[in-house]
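Breakdown of the fold
Chain by chain, the residues:
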Amino acid sequence: MLEINNLHVKLEDEDKVILRGVDLKIGAGEVHAIMGPNGSGKSTLSYVLSGRDGYEVTEGSATLEGQELLEMEPEERAAAGLFLAFQYPVEIPGVGNMTFLRTALNAQRKTRGEEELSAGDFLKLVRAKAKTLKIDAEMLKRPVNVGFSGGEKKRNEILQMAMLEPKMCILDETDSGLDVDAMKLVADGVNALRDAGRSFLVITHYQRLLDHIKPDVVHIMAAGRIIKSGGPELALEVENNGYADLLAEVAQ
Amino acid sequence: MNLPKAKQDALTARLAGLSFDARGWLGAARSEALARLGAMGLPGKRDEYWRYTDPTSLTTPEAPPAAAFDAGDETPVFDGIDRVKLVFTDGVFDADASDDLTLAGVEIERLAEAGAADIHWAQGLYGALEARGQTPVQRPLAALASAFASDGVLIRVTGRAAKPVSLIYRHVSETSDAILHHCVKLEPGAELTLLENGPAAARFTKVLEVEVGTGARFHHIRAQGRDHARRAATHVFARIGAGALFKSFTLTANGRLTRNDAVLELVGDDAVAHVAGASMGDGDFHHDDTVFITHEGERCESRQVFKKVLKNGAVGVFQGKILVKPGAQKTDGYQISQSLLLDGDSQFLAKPELEIYADDVKCSHGSTSGAIDDTALYYLRSRGVPLRQAQSLLVLAFLAEAIGEIEDEAIAEDIRSRLEGWLHRHAH
Ligand SMILES: Nc1ncnc2c1ncn2[C@@H]1O[C@H](COP(=O)(O)OP(=O)(O)OP(=O)(O)O)[C@@H](O)[C@H]1O
Ligand SMILES: [Mg+2]
């Protein structure tokens, strides 16, 4: 599904290198988790994959189902099936949540040569999905993320994901800021989407989320590199011992 | 007091080609306006409220030629709205294209026919609000319109108008120089929506005087036409009585030069005045909103919401003042003027002013100028919204507060579709 080879990234405006050779391969239907200390480059990786400005790829490649991701515009990546649930979802005053969702969904369908969804069908779909995520109709009417609580913003990200049905879902700390019940809701939302044709990359600091969304592989990222990969037990190790041992291990 | 020679010469030259009609009660009002104009002279570049906008092309004897524009790729503005239409072509009333001027609760007279008739209610109104509006800031082009208007409408509203009155201004001749003057009087408790649309002429000078009686409600929505080369100097003077409401919204897309003055006086207690504008310019576009709101009554509310979208060297100007007179306690005044600069060439000049002589008031004003928010743009694109469409969504979001001042949802939707059309046509 997603294949990242030796990815090196620096900031466009500064001589600051953030990613120093990331290698990652996620097969179809797999769930991978990335953990790692603050500032290790996890969000940067997700931004570079989704096409945010301000970063320069100096080496390496990334492909989604064989298509070169890094050459595409952000909207093309989305239409190709990539989705990023933001660590900090963006507030857009003046743009209604419904308008936003419908425009996005129909734009993707159009790009893929599918028919646009009628207003009625769209409404039915969004209401059903919102209900399972306990997002009330009032929230859907408001401008995108404006005045949403931290947890509401995260649930809104998952709602977008559920509506857009991407193939490759990257979740950047979707669990932070969520209460226990909301985390369960979000995890259920993710699990409902799991299938053989869809993959997930879950960035998190906490093992707790991974109790709900069971990963196939756990990676540890530090200083712009994946320093160790393993099974779910790796997340437990981090939870219990922190990163010190792992970092020391690599330093040897 | 004599005018300086240059000002006197410019005025004489401008008036040489205009015919003055001194007949009847209207003639008397026109004579007073002419005297006001004679004392002021035409606006000059050094006048305090003309520093950002060069008035020369608005004051030359001949209108600078402007080709008529064919907006046939869109349905006419307000097409779907049921209304009573009055059509003026290059400033001349077109009876064939207009509806029958009957509307329950509303009296509609043409200015060109009013001079000979005895229209008692208009006699104290014509030119009166314009005259009041000459202090403390002079507005000579308004006095010019009062003195020389070739036509206009006089509307008296005694009840709740069943549908809007719609003034349609067609522009055909490349050299037309239209001068119109309208008066609207809303009796206590009356209600009217006035629509205006179209460029009117190569050059358009206009006054609209509105007397909003106690508890009356007046809605004004206009679209100034898509002509690129036209010029316009328009004025709204309103006096708003106790518990009354005045709301005015203007859409300006294109136009070489537009100056829209709004002079609003909240004279009764608990009155409300909102004035808003959305303007969009690409290239040779200069748009100036100059607003003066006076709070006299207690507990009155005023809002000024002006948004400008500018690209390719377009220029936006906003001069807005709130004057709170002694005794106008509990005034709630709000003013926002913002521009969205779609490139580095465009310019926004803003001059917000507050002058407050009462101690228990709440007044706020803000002015910003900025580009499209990159982060929001990226967020939209990351969800699959193509660049152009994402930009368009954000521009409409920027304009939303101004459009939100239109209460009628069907009219607001019509205006919104014009903005979308413009953005679509002007997406690089
Ligand atoms: N636009 C930027 N300008 C300056 N520094 C940046 C920028 N983007 C990222 N960085 C820096 O790059 C490093 C990696 O940041 P990134 O946000 O990717 O970390 P992270 O692993 O997601 O951290 P966290 O766990 O705290 O979310 C940090 O040192 C950060 O300050
Ligand atoms: Mg991060």
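For the structure itself, consult the block above.
Residues numbered from 1 in each chain as written. Chains lettered and ligands numbered in written order. Predicted model: local features only at pLDDT ≥ 70, side-chain atom pairs only at ≥ 80, totals over all residues. Heavy atoms only, no water.

What about the overall build of chain A?
Within chain A one finds 10 helices and 12 strands. With respect to the three principal axes, the spread of C-alpha positions in chain A is 60 × 40 × 35 Å. Residue burial in chain A is summarised as follows: out of 252 residues, 54% are buried. Of the contacts formed within chain A by residues at least 6 apart in sequence, a portion of 68% connects residues at least 24 apart. Just so you have it, chain A exposes about 11100 Å², and 47% of that area is on carbon and sulfur atoms. Mean positive and mean negative side-chain charge positions of chain A (29 and 40 charges, respectively) differ by 6 Å. (Helix = DSSP H or I, 4+ residues; strand = E, 2+ residues; numbered from the N terminus. Buried < 20%, exposed > 50% of the residue type's maximum accessible area, 1.4 Å probe, protein only. Contact = heavy atoms within 4.5 Å. Areas by Shrake-Rupley, 256 points an atom, 1.4 Å probe, with all protein chains shown as cover. Lys, Arg positive; Asp, Glu negative; His and termini not counted. Charge placed at Lys NZ, Arg CZ, Asp CG, Glu CD.)

Let's talk about the pairing of strand 7 (residues 191–197) of chain B
Residue and element names in this part refer to chain B. Burial of strand 7 is extensive: six of the seven residues sit out of reach of the surface. As paired elements, strand 5 (residues 165–170) and strand 7 share four bridges and run parallel to each other. Pairing of Ser166 across the sheet is with Leu195, part of strand 7. Two strands pair when backbone bridges link them, and strand 7 and strand 9 (residues 217–223) are joined in this way by seven bridges, in the parallel orientation. The partner of Glu191 across the bridge, within strand 9, is Arg217. (Pairing = 2+ DSSP bridges.)

Some details on the packing of aromatic side chains
Residues and elements named next belong to chain B. Using the criterion set out here, one finds 12 aromatic pairs over all chains in the structure. Taken together, a centroid distance of 6.3 Å and an interplanar angle of 40° make the contact between Phe88 and Tyr169 tilted. Within this pair, whereas Phe88 is found in strand 1 (residues 84–89), its partner Tyr169 is found in strand 5, the two being separated by 81 residues in sequence. The class of Phe88 is buried, set by a relative accessible area of 1%. With relative accessibility at 4%, the residue Tyr169 sits in the buried group. When the centroid spacing of 5.3 Å and the interplanar angle of 40° are considered together, the rings of Phe306 and Phe318 count as tilted. Of the two residues, Phe306 is situated in strand 15 (residues 301–311) and Phe318 in strand 16 (residues 315–324); the sequence distance between them amounts to 12 residues. (Phe/Tyr/Trp six-rings, centres within 6.5 Å; stacked < 30°, edge-to-face > 60°.)

Here's the deal with the sheet that holds strand 5 of chain B
Residue and element names in this part refer to chain B. The 10 strands lie next to each other as 2-1-5-7-9-11-13-15-17-19, forming an open sheet whose pairing is mixed. If you trace the sheet from one side to the other, it starts and ends with strand 2 (92–93) and strand 19 (362–370), each paired once. Packed onto the sheet, helix 9 (residues 387–403) meets strand 11 (245–253), strand 13 (272–282), strand 15 and strand 17 (332–341) and runs at close to 155° relative to strand 15. (Axes fitted to C-alpha atoms, helices over the stretch in contact; angles between N-to-C directions.)

Some points on unusual backbone geometry
Cis geometry is adopted by the peptide bond preceding Pro136 of chain B, which originates at Thr135 of chain B and carries an omega value of 0°. Mapped onto the secondary structure, Pro136 of chain B falls in the loop between helix 6 (128–132) and helix 7 (140–148).

A closer look at helix 8 (residues 374–382) of chain B
Residue and element names in this part refer to chain B. Among the nine residues in helix 8, seven count as buried, and that is most of the element. Among all positions in helix 8, only Ala376, Leu377, Tyr378, Tyr379, Leu380, Arg381 and Ser382 are buried. The backbone nitrogen of Thr375 has a side-chain oxygen 2.9 Å away, supplied by the residue at the start of helix 8, namely Asp373. Following helix 8 by one or two positions, Gly384 has its phi on the positive side, about 100°. (Polar contact = N/O pair within 3.5 Å; in protein donor to acceptor, adjacent residues only side chain to side chain.)

Examining the sheet that holds strand 10 (residues 231–240) of chain B
Residues and elements named next belong to chain B. Spatial strand order, 3-4-6-8-10-12-14-16-18: nine strands in an open sheet with mixed pairing. The open sheet terminates on both sides in strands that have one partner only, identified here as strand 3 (106–110) and strand 18 (347–356). Here the average twist between neighbouring strands, direction ignored, is 10°. Pairing between strand 10 and strand 12 (residues 257–266): 10 bridges, direction parallel. The residue of strand 12 that forms the bridge with Arg231 is Leu257.

Brief notes about the coordination of the magnesium ion (ligand 2)
Residue and element names in this part refer to chain A. Taken together, the protein donors to the magnesium ion (ligand 2) comprise Ser43 (OG) and Gln87 (OE1), at separations of 2.0 to 2.2 Å. Of this pair, Ser43 sits in helix 1 (residues 42–50) while Gln87 sits in the loop between strand 6 (82–85) and strand 7 (92–96), and the two are 44 residues apart along the sequence. Owing to a relative accessible area of 17%, Ser43 belongs among the buried residues under this scheme. (Donors = N, O, S within 2.8 Å, 3.2 Å for Na, K, Ca; no water.)

Some details on the site of ligand 1
Residue and element names in this part refer to chain A. Looking at ligand 1, there are 15 residues lining it, with Gly39, Lys42, Ser43, Thr44 and His205 nearest. Contact with the protein chains covers 65% of the free accessible surface of ligand 1, which is 640 Å². Tallying contributions element by element places helix 1 first for the shell around ligand 1, with three residues. Its residues assigned to classes, the shell around ligand 1 shows four nonpolar, eight polar and three charged. (Near = heavy atom within 4 Å. Nonpolar A, V, L, I, M, F, W, Y, C, P; charged D, E, K, R; others polar.)

Overview of the interface of chain A and chain B
The interface is formed by 29 residues belonging to chain A together with 16 residues belonging to chain B. Buried area between chain A and chain B, both sides added, is near 1900 Å², and the carbon and sulfur share of it is 66%. Summed over the shared surface of chain A and chain B, the number is three salt bridges. Across the salt bridge formed by Glu157 of chain A and Arg383 of chain B, the nearest N and O atoms sit 2.7 Å from each other. (Buried area = accessible area lost by both parts, 1.4 Å probe. Salt bridge = Lys/Arg side-chain N within 4 Å of Asp/Glu carboxyl O.)

Observations concerning the packing of helix 3 (residues 97–111) of chain A against helix 4 (residues 119–132) of chain A
Two quantities define a packed helix pair, namely the angle between the helix axes and the distance between the axes. All names here are of chain A. Close contact between helix 3 and helix 4 brings their axes to 11 Å; oriented N to C, the two are set at 110°. Judged by the angle between their axes, helix 3 and helix 4 are roughly perpendicular. Between helix 3 and helix 4 lies a crossing of right-handed hand. Seen from helix 3, the contacting residues are Met98, Leu101, Arg102 and Leu105; seen from helix 4, they are Ala119, Phe122, Leu123, Leu125 and Val126. Of the residues in the contact of helix 3 with helix 4, the class split is eight nonpolar, no polar and one charged. (Parallel < 35°, antiparallel > 145°, perpendicular 65-115°, else oblique. Left-handed = near helix turned anticlockwise from the far one by under 90°.)

Looking at the pattern of salt bridges
Residues and elements named next belong to chain B. By the definition in use, this model includes 52 salt bridges over all chains. Notably, a salt bridge pairs Asp82 with Lys163, separated by 3.5 Å at the nearest N-O pair. With Asp82 in the loop between helix 3 (56–59) and strand 1 and Lys163 in the loop between strand 4 (153–157) and strand 5, this pair connects stretches of sequence that are 81 residues apart. Asp82 sits in the exposed class, given a relative accessible area of 53%. In this structure, Lys325 engages Glu296 in a salt bridge whose closest nitrogen and oxygen atoms are separated by 3.6 Å. With Lys325 in the loop between strand 16 and strand 17 and Glu296 in the loop between strand 14 (286–295) and strand 15, this pair connects stretches of sequence that are 29 residues apart.

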